[in-house]
Amino acid sequence: MNGQTPMGLAAAAAAAVRPCRRRLLSSATAAAAATNATATSLFPRLSHPHHHSHGRRLPFLASAASQQQSGQQTAASPETHIPADPRAAVSGNLPFFDRVLFPDTFPLETPPSAAEEDAAASAAAAADEELASALKAREETETEREAWRLLRRAVVSYCGAPVGTVAAEDPECTETLNYDQVFIRDFVPSALAFLMRGETEIVRNFLLHTLQLQSWEKTVDCYSPGQGLMPASFKIRTVPLDDNNEAFEEVLDPDFGESAIGRVAPVDSGLWWIILLRAYCKITGDYALQERVDVQTGIKLILSLCLSDGFDMFPTLLVTDGSCMIDRRMGIHGHPLEIQALFYSALRCSREMIVVNDGSKNLLRAINNRLSALSFHIREYYWVDMKKINEIYRYKTEEYSHDATNKFNIYPEQIPSWLVDWIPEKGGYLIGNLQPAHMDFRFFSLGNLWAITSSLTTPKQAEGILSLIEEKWDDLVANMPLKICYPAMEDDEWRIITGSDPKNTPWSYHNGGSWPTLLWQFTLACIKMGRPELARRAIAVAEERLAADKWPEYYDTRSGRFTGKQSRSYQTWTIAGFLTSKMLLENPELASILTCDEDLELLEGCACCLSKKRARCSRRASKSHVVG
Ligand code: GLC
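Residues numbered from 1 in each chain as written. Predicted model: local features only at pLDDT ≥ 70, side-chain atom pairs only at ≥ 80, totals over all residues. Heavy atoms only, no water.

As annotated in an unreviewed UniProt entry, the protein carries the name Alkaline/neutral invertase and is attributed to Leersia perrieri. As recorded by UniProt, the Catalytic activity (unreviewed entry) comment attached to the protein reads in full: "Hydrolysis of terminal non-reducing beta-D-fructofuranoside residues in beta-D-fructofuranosides." (UniProt positions renumbered as here; feature names shortened; annotations may be inferred.)

Pasting the structure below:
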């Protein structure tokens, strides 16, 4: 799908208020949005008042008519981009879901009773009170106070309302590049810190404004990428209203990769947007937001890009190099773990949020089928531990058959020498990438941690990953949590794979640098697995240095001793990641706004597709599935 295909809901509405080639939002639009923002509860609400704890959505019909009646919304407001028949626009835009036939493996859930809803509402109120007292319990440290001050300094406003945080606010740096923009992925830890403090407006504004940017006309030379693409970042510009330069307006200007270094599409942005939307709705109880027609359309457009048919043979998403946090060439094109983990998480979150009706049934089945195939694929083929590496070491190659053991024709010679000594007796991890005849054995932190958080791994694998991090503490944490990947590429490998990138020299930046922002994801994974003491240890390491080092973007050297060569100071996601980690540790129950539990039904679905593996991935087998 590209920008020229029948327009989606948001695009159709946007076109109605601006000429085809106009790329800018008017101030009036945003002012109206700010006025219309719904008040949210002072303290976060934990449990879901409407839904089963199990997760799937009740059949609730978000009515466009009721939305249009509900406020004094103006035609230009992001709150009101609703055509006369919104569902027609949606289905017209998503022919894929209508035409694909899926086995009826996953019956949709029945709605909860009124009594269940009442009980959930009282539980939510009790949780609010508990949280309020927990949050008041402790005095902030000096470092935390400084972090809050810096985080607030990074906030940017659009027409008087806060909409995000810039990537870095380094007063000593004259070359801002694009660090003065609001990055979607960078804003996530800021959003979480604000949400956990009960400051929810900025997150709601961010979600709605980025939703509008989704349907922008975007082009690289003469080509228009898919409509569901979310920008990597956006900037607020002040531009003259007319030729006289007498009046000005603020505009949001997105970057979809068309001006990013290397012109990479940010595949992760849409996935993060979905994950953040669920977190926002769960913590505030503002489920009306996810049920809005334009928000539902936004979710569907992102999924439509991710679930569309291609030439691929695997359930993993096929992407170009640099399409995620690692946004420069680092040899992660193909099926990088980070994208797969975020994809799985976004599918799980969407399944909870998509309103069940005739128009969404096929989409929900597509999601469930993809989830089961994806989790089977990652658990089975990405996992390595001592036993698996020994198996690969003895692989036969060139097996032409349906029941080959070495399905991807991996030549044992590609097991790197560092791994032979490095892999511990206990524990294991998910490899970075899998392609025909290629396993990328590097350890990537974000992918592994997010696989734990979203339950993409089995519980045993999740324990194994944390146990490996503990065992390899000096390599992965050392003087600053956390290595973005391990080990670094050196010499010819660095030259060929990065294209001699001077920023990604060995043990620097993306190539084995240490990124303090990853602390919050580590904390989350530790809380989920009942190992908060590990997170506490890592936070203590970071807390000792971050403020004194001016909150750097990343650290260099094998053990993370030096501030990164070209590292920004006062990097917002370093600051926010630290605050979020501390708040999560103090309120571990809040981790549930981001985590997903193991879903055994998904594994059952998997057995239908893989008859040879039936015994292995059936529900019964999965319960006792022993890794290694
Ligand atoms: C770098 C990082 C990217 C981040 C951006 C802004 O490009 O690689 O992940 O979003 O800086 O901080």
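Okay, back to it.
Caption draft 1: Representation of the packing of helix α12 (residues 293–307) against helix α14 (residues 361–382) in the model. At their nearest, the axes of α12 and α14 sit 12 Å apart, and the two run at 50° to each other. The orientation of α12 with respect to α14, classified from their angle, is oblique. For α12 against α14, the interelement crossing comes out left-handed. Listed contacts from α14 to Lys 300, Leu 303, Cys 306 and Leu 307 of α12 are Leu 363, Ala 366, Ile 367 and Arg 370. Of the residues in the contact of α12 with α14, the class split is six nonpolar, no polar and two charged. (Axes fitted to C-alpha atoms, helices over the stretch in contact; angles between N-to-C directions. Helix = DSSP H or I, 4+ residues; strand = E, 2+ residues; numbered from the N terminus. Parallel < 35°, antiparallel > 145°, perpendicular 65-115°, else oblique. Left-handed = near helix turned anticlockwise from the far one by under 90°. Contact = heavy atoms within 4.5 Å. Nonpolar A, V, L, I, M, F, W, Y, C, P; charged D, E, K, R; others polar.)

Caption draft 2: Structural view of the packing of helix α13 (residues 337–353) against α14. The interhelical angle for the contact between α13 and α14, taken along N-to-C directions, is 145°, at an axis separation of 10 Å. The two elements α13 and α14 cross, and the hand of that crossing is left-handed. Here α13 contributes Leu 337, Gln 340, Phe 343, Tyr 344, Leu 347, Arg 348, Ser 350 and Arg 351 to the contact with α14, which in turn contributes Leu 364, Ile 367, Asn 368, Arg 370, Leu 371, Leu 374, Ser 375, Ile 378 and Tyr 382. Looking at side-chain class alone, the contact of α13 with α14 contains ten nonpolar, four polar and three charged residues.

Caption draft 3: The pattern of salt bridges, seen in detail. If you walk through the whole model with that rule in mind, you get 23 salt bridges. Asp 180 is paired through a salt bridge with Lys 235; the nearest N and O atoms lie 2.5 Å apart. Here Asp 180 is found in the loop between β2 (161–165) and β3 (182–183), whereas its partner Lys 235 is found in strand β4 (residues 233–240), with 55 residues between them in sequence. Judged by relative accessible area, Asp 180 falls into the partly exposed class, the value being 26%. A salt bridge links Asp 549 to Arg 545; the nearest nitrogen and oxygen atoms lie 3.4 Å apart. Classification of Asp 549 by relative accessible area gives partly exposed; the value is 22%. Within this structure, Glu 140, Arg 152, Arg 197 and Glu 199 form a network of salt bridges that share partners. (Salt bridge = Lys/Arg side-chain N within 4 Å of Asp/Glu carboxyl O. Buried < 20%, exposed > 50% of the residue type's maximum accessible area, 1.4 Å probe, protein only.)

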